[in-house]
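Each chain, letter by letter, is given below.
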Amino acid sequence: MSGFRVHLLYFAWLRERIGCGEEEIEVPAEIRTLGALSAWLAARGPGYASAFAAGKSVRAAINQSFAGPEAAIGPGDEVAFFPPVTGG
Amino acid sequence: MFAIRVQEAPFDVGAEFAALTAGRADIGGIGCFVGTVRGDVGGRALAAMTLEHYPAMTERALAAIAAEAEGRWELLGGTIIHRVGCLLPAAPIVLVLAAARHREAALAATGFLIDWLKTKAPFWKKESFADGGEVWVEARAADEAAAARW
């Protein structure tokens, strides 16, 4: 079973811990939700483990809309991970 | 209609006020909120605040918040400007203007817009202190509570 490609973006301290702001990666086909994707990313290396260790304090968006861990992801999606927002 | 901008440059509150009200005699009140950079955090001197955002999403998120305000109050126009990049103490960060026939709608919509903006638009602040330390600002439960009361 072949995987699919997604475009990933990281902001604020997630970007700093992972060491890059964006990347295009191939995700295994069995990864179907945002929650599964973040768990899979956390196992990619120490920077990712550190970024996603905070667990529920990481928020996400799929194709520029906020999304929760149950949200479905698919080929070509732009998925962003970031801390809770602090603008204003 | 709301004018929405994300920019590094400072904004001129008077010029934005003039742009919002030009040629309009139907407006009876305008709510205005300007957020600025505090020069200390619990007494620790701040050197600068850096604002990062998610460019592809930010204006869409701000437009959604403005549309929500227009659905809740009868507004005659408004302005949201949010700055990004490196800002020094006392610098303006964000401007919200909301125009209506009467003050109740103008003031309520202004409060709503800044409360929702703080919890639903993709901006992140990093504080750089005079002592060399750097800290990403953490979301406050009080801000969530303020957004939830609307």
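As the structure is a prediction and not an experimental result, all values here were calculated from the model. Counting restarts for each chain: residues are numbered from 1 in the order of the written sequence. Naming scheme: in the order in which they are written, chains are lettered from A and ligands are numbered from 1. Side-chain atom pairs in this predicted model are given and counted only at pLDDT of 80 or more, local residue features only at pLDDT of at least 70, and totals for whole chains, interfaces and linings cover all residues. The basis for every side-chain value is the complete set of non-hydrogen atoms in the structure, without hydrogens or water.

Participant: Just to check I follow, could you spell out helix α1 (residues 13–21) of chain B for this structure?
Facilitator: Given 3.6 residues to a turn, an α-helix orients residues that are three or four positions apart in the same direction. Residues and elements named next belong to chain B. For every residue, the accessible area (1.4 Å probe, protein chains only) is compared with the maximum for its type, and the residue is labelled buried under 20%, exposed over 50%, or partly exposed between those bounds. Numbering goes from the N terminus for both helices and strands, where a helix is a DSSP run of H or I of at least four residues and a strand is a run of E of at least two. When α1 is considered as a whole, its buried residues turn out to be Glu-16, Leu-20 and Thr-21. All buried residues of α1 lie within an arc of 120° about the axis, which places them on one face of the element. Nitrogen and oxygen atoms within 3.5 Å of one another constitute a polar contact, given that in protein one can donate a hydrogen and the other can accept it, and given that sequence-neighbouring residues count only through two side-chain atoms. If you check the start of α1, you find a side-chain oxygen 2.9 Å away from the backbone N of Gly-14, and it comes from Asp-12. Of the residues one or two after α1, Gly-23 is the one with positive phi, at around 70°. In this context, the arc is that of the directions from the helix axis out to the C-beta atoms.

Participant: I would appreciate a short explanation of the layout of surface pockets in the present structure.
Facilitator: Once rolled over the atoms, a probe with the size of a water molecule shows which space is left empty. Taken as a whole, the largest pocket spans an internal volume of roughly 960 Å³. Lining the largest pocket are 43 residues, and of these A:Pro84, A:Val85, A:Thr86, B:Lys118 and B:Ala139 lie nearest its centre. Of the residues that constitute the lining of the largest pocket, the class distribution is 20 nonpolar, 11 polar and 12 charged. Using only the protein atoms, space was sampled on a 1 Å grid; points where a 1.4 Å probe fits but cannot get out form cavities, open sets with protein on both sides within 12 Å along at least five of seven lines form pockets, and lining residues are those with an atom within 4 Å of a point. Grid points are joined across faces, edges and corners, and a volume is the space filled by probe spheres set on the points. Here the second largest pocket is characterised by a volume of approximately 150 Å³. As for the second largest pocket, its lining consists of A:Gln64, A:Ser65, A:Phe66, B:Met57, B:Arg60, B:Ala61, B:Ala64, B:Ile65, B:Glu68, B:Trp116 and B:Lys120. Mapped by element, the contributors of at least two residues to the lining of the second largest pocket are β4 (65–67) of chain A together with α2 (55–72) and α3 (103–120) of chain B. It is α2(B) that provides the largest number of residues to the lining of the second largest pocket, a total of 6 residues. Taken together, the residues of the lining of the second largest pocket break down into 6 nonpolar, 2 polar and 3 charged. Charged means Asp, Glu, Lys or Arg here, nonpolar means Ala, Val, Leu, Ile, Met, Phe, Trp, Tyr, Cys or Pro, and polar covers whatever is left, Gly included.

Participant: It is not clear to me how the packing of α2(B) against α3(B) should be interpreted in this structure. Could you clarify?
Facilitator: Each pair of packed helices can be summarised by the angle the axes make with each other and by the distance between the axes. Residue and element names in this part refer to chain B. Lines are fitted to the C-alpha atoms to define the axes, a helix being fitted only along its stretch in contact, and any angle between axes, read from their N-to-C directions, falls within 0 to 180 degrees. Running from amino to carboxyl end, α2 crosses α3 at an angle of 145°, the nearest separation of the two axes being 10 Å. Crossing geometry of α2 relative to α3 is assigned as right-handed. Each of Ala-61, Leu-62, Ile-65, Ala-66, Glu-68, Ala-69 and Arg-72 in α2 lies in contact with α3, whose residues at this interface are Phe-112, Leu-113, Trp-116, Leu-117 and Lys-120. Classifying every residue of the contact of α2 with α3 by side-chain character gives 9 nonpolar, no polar and 3 charged. A clockwise turn of the near helix away from the far one marks a right-handed crossing, whereas an anticlockwise turn of less than a right angle marks a left-handed crossing. Two residues qualify as a contact provided that any one of their heavy atoms is within 4.5 Å of a heavy atom in the partner residue.

Participant: What's the story with the pattern of salt bridges in this structure? I'm lost.
Facilitator: The term salt bridge refers to a side-chain nitrogen of Lys or Arg lying within 4 Å of a carboxyl oxygen of Asp or Glu. A full pass over the atoms with the stated rule returns 12 salt bridges over all chains. When the shortest N-O distance is used, the salt bridge between B:Lys126 and A:Glu16 registers 2.5 Å. With one member in each of two chains, B:Lys126 in strand β8 (residues 123–129) and A:Glu16 in helix α1 (residues 12–18) form a pair that bridges those chains. Here B:Arg72 makes a salt bridge to B:Glu68, at a shortest N to O gap of 2.9 Å. Taken together, the residues span about one helical turn, with B:Arg72 and B:Glu68 both in helix α2 at a distance of 4 residues. On the basis of relative accessible area, B:Glu68 is assigned to the partly exposed category, the value being 31%. Taken together, the shared-partner salt bridges in this structure form one network comprising A:Glu16, B:Lys126 and B:Glu134.

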